[in-house]
Amino acid sequence: MHSSEYNDPYRLTQPTFADVKLGVTANAKEIETALEEGIVSNVLGFFYPDRSITREEAAEIFVNAFKIPASSGNALARFSDAASITSSRRASVNAIVAAGYMSGSSATLFSPAAALTAGEAKTILASITAKLVAPPQVMCKSGTTAPRRYVRISTPTPDAKIYYTYTFDGSEPADPLVSGIEYDFEKNGVLQFVNPLTSTTDFRLYRLKAVAKKDGLATSAVQNFTWNIVRPNVGAFQAKLMHPGTATTPTVWKINNPAEYYQAFVFYIEGSARGLVFDAGEYGYQKANLKTFIDSIATKPYDIIVGHNHPDHAEQIYNFTSAGITLYASAIEKAAFMASSRSDFRAAGAAATAINDGQVLDLGNVQITAYTQPGHTHGLMTAIVNQTGWVFGSDMWACNRAYTADTTQYNLAKVDIFLSLTQQLLANYRKSSALGMVTEVTNAHQDVSVGMEGVNNFLKCFQQLIDRGDAATAPSIRGGRFGNPTSPTTKNSRMSMVGDMWRDKNWMAIGNALGTGLDSPVDYFTAPTTAYPCGATVNYNAADGFKKYSVLSNIEFTGGSLVGVDVYWAAPANGVPNKVPNKFDPWTYAYVVNVPAGTRSITVQPTAMSNNIASMKVNGVAVAQGASITVAVAAGTVIAVDLVSPDGSTTSHYAFTVAVV
């Protein structure tokens, strides 16, 4: 894969030829990829793409690509023109001829300088792949330096088995042919190469050896790969300017500490009158003081809002509250901090101010609206800058780090209610945004911000589960339930993924919300329960249960506003109910819609939970998924929405009564 096509901020600089230009030269990406992989050389600086390839050049390329071993014999003795083979290519020509993958132009001539035809190239390739297993390849690519590397090993040879060994102290790995561990991506996910918090060094040099085998074929060459994993034991906070402030937009800094393990970014957002710190990082609060660092870049007084209670996002909260800085957290997260085993979390939680869903924080020239979104934790908060449409998500909106293969967990809310609340959250973002849209979304674990394409892919991760059930899942790229894919016995958990993690910055994956293993029954949909208020009467986890959704996931009104209800997703925790107010609940069927006096009609846009519903009607008129309909209204008008499930087994009837206000 060409470096311009894959998603890795730590990739090496792409080597090039002086006469190969992307977008101009035919097959430029393939040529430069071959150069990066060491299949061709740029020792002379030129590739000469317009010149036909010679037979000896092709021999060298095939040998380099497939790592065909050198031959100790002289397979060239039968060719009368052997002496005319370029000396630097003689070993390659001898190797490919000795292996029987390439023959001469005749019984007595090799014709090294003659042009190789496309037909001859295909014949050689077919001969090699019919007899030899292609050498293992890796993504992310070898030779890079990064805080962590999540590595997938593969081979182009179908059904070949891969075996690997590795070391992390720079020493020579064992021979994988003798003591290799079998690698199965479907079972084990990626290999996680990290410098753990228990390490006493600032870096680890991982060396990997891999080989591929298949019955009936010659075993591949053993491949060698290296990655330098740099995570210092002691680090200083550093900031990168994301957005310079203007008269109408805030200044935004992106902050991290290179000594952190998960590299969860903190954001400092500053308006004309006040600033807001979003999240509190993971670097030990006794090792360094994030509040002191914020003071070095802040020019205005500021507050802090913590997205959720996980230590990689909240480590430094005590350094702020103990200095008198106002800490905002949802009531649910505040209670979680107060129930912590850590005294610093308990103290900060006690000092925290509970922030409400939809509460606005005024920074002067801009305002920020905070919203509660359960799933990753029960009371996670996100925030949108109203004037710009910039969203900050803590651990909401998944992650686009290919190098950490993140499949973010949303297992504290069932997939269906999470999808419903997420659709409503997006609707609230649009209402809060002066632009009427979300322009940028940044998760604390994202290196690159995404726009609506990334957001829509995130929604698709959940929607495809609703539409297809367990058929939409795959083994997690992160490996087993506890993220230990280097253990060949670790069971894998489910994942729902949209996009190519290596090619697309907008790829999204959600995992571990989907149960405890691939051999577990489906458990991630809503089922009737008395643990908390729940109106569901269908167990959607039963066989083909996903085909029984006849409920709405959301409904939006233009010209009127829904009077919502309390939506619950879990039993109370830490003395606080797990609920959000004034929302649409898929299993509550009677609502009031407020409309201003004098309103004669409103627009209704219902969204069915499943894209595969048999039918959806508003006041008896069929409405397609994603479409809207205008209806006449007056005080007391009842707007009826009726749905039939994909398999026709269940129906739902909603009544929205109009109130003039």
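These remarks concern the structure in this document. As the structure is a prediction and not an experimental result, all values here were calculated from the model.

A word on the overall build of the protein chain. The number of helices and strands found in the protein chain is 13 helices and 34 strands. In terms of principal-axis extent, the alpha carbons of the protein chain reach across some 100 × 60 × 50 Å. In the protein chain, which comprises 661 residues, the proportion classed as buried is 54%. For the protein chain, the proportion of contacts with a sequence separation of at least 24, taken over those separated by at least 6, is 66%. Put simply, the protein chain shows about 26,600 Å² of open surface, and 53% of that area lies on carbon and sulfur atoms. Each charge sign in the protein chain was given a centre, from 50 positive and 52 negative side chains, and these centres are 1 Å apart.

Strand order across the open sheet formed by 7 strands is 9-10-11-12-13-14-15, with mixed pairing between neighbours. On the outer flanks of this sheet lie strand 9 (238-243) and strand 15 (353-354), each paired with one strand and no other. Where strand 13 (residues 302-305) and strand 14 (residues 327-329) come together, 2 bridges link them in parallel fashion. From the neighbouring strand, Ile304 faces strand 14, where its bridge partner is Leu327.

The next subject is the packing of helix 2 (residues 55-66) against helix 3 (residues 90-98). In a pair of packed helices, the angle between the axes and the distance between the axes together describe the arrangement. Put simply, helix 2 and helix 3 touch, their axes get as near as 8 Å, and they point 75° apart. If you check the angle between helix 2 and helix 3, you find them roughly perpendicular. Along the contact surface, helix 2 presents Glu56, Ala59, Glu60, Phe62 and Val63, while helix 3 presents Ser92, Val93, Ala95 and Ile96.

Turning to the environment of Thr145, a few remarks are in order. Mapped onto the fold, Thr145 is located in strand 2 (residues 144-146). Looking at Thr145, the relative accessible area reads 40%, which means it is partly exposed. Every residue in contact with Thr145, bar those within four places of it in the chain, is listed here: Tyr10, Asn228 and Val230.

What follows covers the pattern of salt bridges. In the structure shown here, the tally under the stated rule is 22 salt bridges. Residue Glu57 pairs with Arg89 through a salt bridge whose shortest N-O separation is 4.0 Å. Of this pair, Glu57 sits in helix 2 while Arg89 sits in the loop between helix 2 and helix 3, and the two are 32 residues apart along the sequence. With a relative accessible area of 19%, Arg89 lands in the buried category. Beyond isolated ion pairs, a larger network of salt bridges with shared partners links Arg51, Glu56, Glu57, Glu60 and Arg89.

Take unusual backbone geometry next. In this chain, Met139 is followed by Cys140 through a cis amide linkage whose omega measures 0°. Structurally, the position occupied by Cys140 is in the loop between strand 1 (137-139) and strand 2. Not every positive phi belongs to a glycine, and Gln263 is a case in point at roughly 55°. Turning to its location among the elements, Gln263 is positioned in the loop between strand 10 (251-256) and strand 11 (266-270). Although it is not a glycine, Asn619 sits at a positive phi angle of roughly 50°. Looking at the element boundaries, Asn619 is found in the loop between strand 30 (615-618) and strand 31 (621-622).

Taken together, the side chains of Phe203, Leu205 and Val230 define a hydrophobic patch exposed on the protein surface, amounting to about 230 Å² of accessible area. Tracing the chain through its elements places Phe203 in strand 7 (residues 203-213). By relative accessible area, which is 47% here, Phe203 ends up partly exposed.

Rules behind the numbers
Residues numbered from 1 in each chain as written. Predicted model: local features only at pLDDT ≥ 70, side-chain atom pairs only at ≥ 80, totals over all residues. Heavy atoms only, no water. Helix = DSSP H or I, 4+ residues; strand = E, 2+ residues; numbered from the N terminus. Buried < 20%, exposed > 50% of the residue type's maximum accessible area, 1.4 Å probe, protein only. Contact = heavy atoms within 4.5 Å. Areas by Shrake-Rupley, 256 points an atom, 1.4 Å probe, with all protein chains shown as cover. Lys, Arg positive; Asp, Glu negative; His and termini not counted. Charge placed at Lys NZ, Arg CZ, Asp CG, Glu CD. Pairing = 2+ DSSP bridges. Axes fitted to C-alpha atoms, helices over the stretch in contact; angles between N-to-C directions. Parallel < 35°, antiparallel > 145°, perpendicular 65-115°, else oblique. Salt bridge = Lys/Arg side-chain N within 4 Å of Asp/Glu carboxyl O. Patch = residues over 30% accessible without salt bridge, like charges linked within 9 Å, V, L, I, M, F, W, Y side chains within 5 Å.

Don't take any of this as a statement about function, it's just geometry.
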